[in-house]
Amino acid sequence: MHNKQTADTLLHARWVLPVAPKNIVLEQHSVAIKAGRIAEVLPTEQAKQRWQGLTELDLSEHALIPGLINAHAHTPMNLFRGLADDLPLMEWLNQHIWPAELAIYRPESIADGMRLAILEMLASGTTCFCDHFFFHDTAAQTVIETGMRANIGLWIGNVPTVWGKNETEYFAKAETSLQQNKPHPLVSWSLAPHSPYMVTYEAFQKIKQMSAEFNLPIHIHMHESTAEIAGSLKKYNKRPLEWLDELGLLSSRFICVHMVQLTPSEIELVAARQVPVVHSPESNLKLANGFAPITALLAAGVTVALGTDGAASNNDLNMFGEMRTAALLAKGVSQSATALPAPQALEMATINGAKAFGLDKEIGSLEIGKAADIVAVDLSSYFTQPVYNPLSHLVYAINRQQVSDVWVAGKQLLKNGEFTELDAAAIIAKAKHWAKQALPFRSQAGFI
Ligand SMILES: [Zn+2]
C-alpha cells in the first residue's frame, strides 16, 4: 500500500476500447494519466493496488475511447450552418455561402465560429480536428485558448477571398504563420491547397518544395465531383491524380479528401504511393457528389480517415454520425453487409486520422506514452441498453449527448456533460450576433 504510484487522474471504466491493439474490448479496466500522458492501461483490480489518483473517477457504465479525430473540417463555417440547404452546388456557393463569407469573416468572427465548432466537437467526443480555412494565426490562438487540439491547414488558392488576393499573397501569409507561431503541443500545421482546380500548376510546384522544406503534410480536396474531372481533362488532358503524380506530389504526406471519382487503376496508384484518404460521406451525400469507393480503398490497404467537412454541407460536426453513415453507406454501395464493420469505423475516426496527419506517435489510440486525449461515453441510457458489445453501440446506436467526459492532453474539458473551461452561453450569444449579419444571405424559401 505504501509504494503506490500517483496518477494525476485515474479512470476506472466498465469498458476500455484502446483501438490499438486492434479490435480489443477490455472489460473492467483503468487508465492512469500522468503529466498529460497515458501512464498505464490495466485491469481495475490491479490499478487499485498499484495506483492512486489525485482525481479518481468511477465510470461504471461507460466506455473509454481515444478522442475522435475529425480529419477534415472548415470550423468557422459553423456560423453558416443551415443558412441555405438543398440547392445546386454553384447556386449554393455563389448566392449564399461565398457572399456571406465576404460579409462576415474577419478575425473576430473566425474565432467565434471556431469556438462554436469546438463546443460542438468536444461535446461529441472529438478532441482533434484538421482544419482547412483562412486566418491561421487566429485559428492557432483559438485552439490553444480552448485547450482543443488541431492541425491547421495553410490555405492556398488562385482566387481572391477575405484572406488574400492571389497565390503569392497566400504563400507569403503561410510562411509568416509558420515563422511567427511558436511551436505548441496542441497545434500542428499542414499546407492546404484548396483543390486541383483552384490552384495553379506552378503553385503546386512551390507546395511540393515548401512541404519538404517545412516538413508539412498537404491537405487537399481531390476528385470530389465529375465537374472537377471534366475541367482537368479540358485543361491538362489528364485527370488530377495523373498530373499531380507526374509532379511528384503523391505520397504518404498528400492527404486527399473526398476521392469520390476514382478508377480501379487510380485506387492502385493511391495505394502504391501510400496516399491517405479522408472520407466525408455526409458531405458527399448532401452535395450529391456520389459515393467514394471506400471498401475498395480499404481492401487495397489505403489509410482511410473520416472527416465531417464544414457545417454548411453536413450539417453537424458529429463524428459518431459520420462513423454510422460511413459504415451503412459502405454496405449499401458494395452490397455487402460485412463491409466496413464497426471496429474499422472506429479506427477510421481515431488512429487513421492520426496516421494520415503524421500524429500517430502522439494520439489516435489509448496506449502508454500517448497524449491523454480520452473520451468517456455513458452507455447506461435507454438509447444503448442492453449492452452486448459497446463497439456496436458507438457506431450504430449512440446519441452523441451520451458523451460524458472529455480530456485533451490530460486536461478535463467536459465533465459530466458540462464544459469546465468554455462559456457555452457566451459563445452562443456571439454566434447569434454574427448570424444577424448573415441573415440577408439566407435561403428565403418558405419565409413569409
Ligand atoms: Zn471541405
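See the structure above.
Everything in this summary refers to the structure shown in the same document. (Residues numbered from 1 in each chain as written. Predicted model: local features only at pLDDT ≥ 70, side-chain atom pairs only at ≥ 80, totals over all residues. Heavy atoms only, no water.)

**Thoughts on the overall build of the protein**
- If you tally the helices and strands in the protein, you get 16 helices and 16 strands.
- Over its C-alpha trace the protein gives a radius of gyration of 22 Å, about what one expects of a compact globule, namely 22 Å for 448 residues.
- Taking the principal axes of the C-alpha coordinates as reference, the protein spans close to 70 × 50 × 50 Å.
- Counting only contacts in the protein whose residues sit at least 6 apart along the sequence, the fraction spanning at least 24 positions is 71%.
- Split by element, the accessible area of the protein, about 18400 Å² in all, is 53% carbon and sulfur. (Helix = DSSP H or I, 4+ residues; strand = E, 2+ residues; numbered from the N terminus. Rg over C-alpha atoms; globule rule 2.2 N^0.38 Å. Contact = heavy atoms within 4.5 Å. Areas by Shrake-Rupley, 256 points an atom, 1.4 Å probe, with all protein chains shown as cover.)

**Regarding the pattern of salt bridges**
- The tally for this structure, following the rule as stated, stands at 18 salt bridges.
- A salt bridge links Glu120 to Arg400; the nearest nitrogen and oxygen atoms lie 2.9 Å apart. Taken as a pair, Glu120 in helix α3 (residues 107-123) and Arg400 in the loop between α15 (390-396) and β14 (403-408) lie far apart in primary sequence, 280 residues in all.
- With a relative accessible area of 10%, Glu120 lands in the buried category.
- On the basis of relative accessible area, Arg400 is assigned to the partly exposed category, the value being 24%.
- Residue Lys206 pairs with Glu175 through a salt bridge whose shortest N-O separation is 3.5 Å. (Salt bridge = Lys/Arg side-chain N within 4 Å of Asp/Glu carboxyl O. Buried < 20%, exposed > 50% of the residue type's maximum accessible area, 1.4 Å probe, protein only.)

**What about the packing of α3 against helix α4 (residues 136-146)?**
- Two elements in contact, α3 and α4, have axes whose closest approach is 9 Å; the angle formed by their N-to-C orientations is 40 degrees. By the angle between their axes, α3 is oblique relative to α4. When you trace α3 past α4, the crossing you get is right-handed. For the pair α3 and α4, the contacting residues are Pro107, Ile110, Ala111, Met114, Arg115 and Ile118 in the first and Thr138, Ala139, Thr142, Val143, Glu145 and Thr146 in the second. (Axes fitted to C-alpha atoms, helices over the stretch in contact; angles between N-to-C directions. Parallel < 35°, antiparallel > 145°, perpendicular 65-115°, else oblique. Left-handed = near helix turned anticlockwise from the far one by under 90°.)

**Concerning the packing of α3 against helix α16 (residues 424-438)**
- Where α3 meets α16, the closest approach of the two axes is 9 Å, and the angle between their N-to-C directions is 130 degrees. One way to sum up the angle between α3 and α16 is to call them oblique. Along this stretch, α3 crosses α16, giving a crossing that reads as left-handed. Counting all contacts with α3, which are made through Glu108, Ser109, Asp112, Arg115, Leu116 and Leu119, the residues of α16 involved are Ala424, Ile427, Ile428, Lys430, Ala431 and Trp434.
- Split into classes, the residues belonging to the contact of α3 with α16 amount to 7 nonpolar, 1 polar and 4 charged. (Nonpolar A, V, L, I, M, F, W, Y, C, P; charged D, E, K, R; others polar.)

**Quick word on unusual backbone geometry**
- Here the bond from Ala20 into Pro21 is cis, since omega is -5 degrees, no more than 30 degrees from zero.
- Take Pro21: it is sitting in the loop between β1 (5-16) and β2 (26-34).
- You will see that Met259, though not glycine, has its phi angle at about 50 degrees, which is positive.
- Judged by its relative accessible area of 0%, Met259 falls in the buried class.
- Despite not being glycine, Asp309 shows a phi value in the positive range, around 70 degrees.
- Along the polypeptide, Asp309 turns up in the loop between β12 (304-306) and α12 (319-334).
- Classification of Asp309 as buried rests on a relative accessible area of 5%.

**Quick look at helix α7 (residues 226-236)**
- Within α7, burial applies to Glu228, Ile229 and Ser232. Down the axis of α7, the sector holding all buried residues measures 95 degrees, keeping them to one side. More than 90 degrees from the buried face of α7, the exposed residues found are Thr226, Ala227 and Lys234.
- Buried residues in α7 make contact with β9 (218-222) and α8 (240-246).
- Positive backbone phi, approximately 60 degrees, marks Asn237, located one or two places after α7. (Arc of directions from axis to C-beta.)

**Side note on the coordination of the zinc ion**
- Coordination of the zinc ion by the protein involves His72 (NE2), His74 (NE2), His221 (NE2) and Asp309 (OD), with metal-donor separations of 2.1 to 2.3 Å.
- Within one chain, the residues serving as donors to the zinc ion are arranged as H-x1-H-x146-H-x87-D. Placement of His72 in strand β5 (residues 68-73) and of Asp309 in the loop between β12 and α12 is noted, with a sequence separation of 237 residues between them. Considered together, His72 and Asp309 belong to a single accessibility category, that of buried residues. (Donors = N, O, S within 2.8 Å, 3.2 Å for Na, K, Ca; no water.)

**Side note on the sheet that holds strand β3 (residues 37-43)**
- Read across the open sheet, the 8 strands follow the order β3-β2-β1-β4-β13-β14-β15-β16; overall the sheet is mixed. Each edge of the open sheet is held by one strand with a lone partner, namely β3 and β16 (418-419).
- Here strand β13 (residues 374-378) runs beside β14; their pairing, made up of 4 bridges, is antiparallel. When the bridges of β14 are listed, Val377 appears paired with Val403.
- Helix-sheet contacts for α3 involve β14, β15 (411-415) and β16, and the interaxial angle to β14 is about 115 degrees. (Pairing = 2+ DSSP bridges.)

**Regarding the packing of aromatic side chains**
- The full count for this structure, using the stated rule, is 11 aromatic pairs.
- For the pair Tyr105 and Phe133, a centre-to-centre distance of 5.2 Å together with 80 degrees between the ring planes defines the contact as edge-to-face. Taken as a pair, Tyr105 in the loop between α2 (89-104) and α3 and Phe133 in strand β6 (residues 126-133) lie far apart in primary sequence, 28 residues in all. As far as burial versus exposure is concerned, Tyr105 and Phe133 are alike and both buried.
- On the numbers, 5.0 Å between centres and 80 degrees between planes, the contact of Phe134 with Trp155 is edge-to-face. Of the two residues, Phe134 is situated in the loop between β6 and α4 and Trp155 in strand β7 (residues 149-156); the sequence distance between them amounts to 21 residues.
- Note on Phe134: relative accessible area 6%, which makes it buried.
- On the basis of relative accessibility, which here comes to 5%, the residue Trp155 falls in the buried class. (Phe/Tyr/Trp six-rings, centres within 6.5 Å; stacked < 30°, edge-to-face > 60°.)

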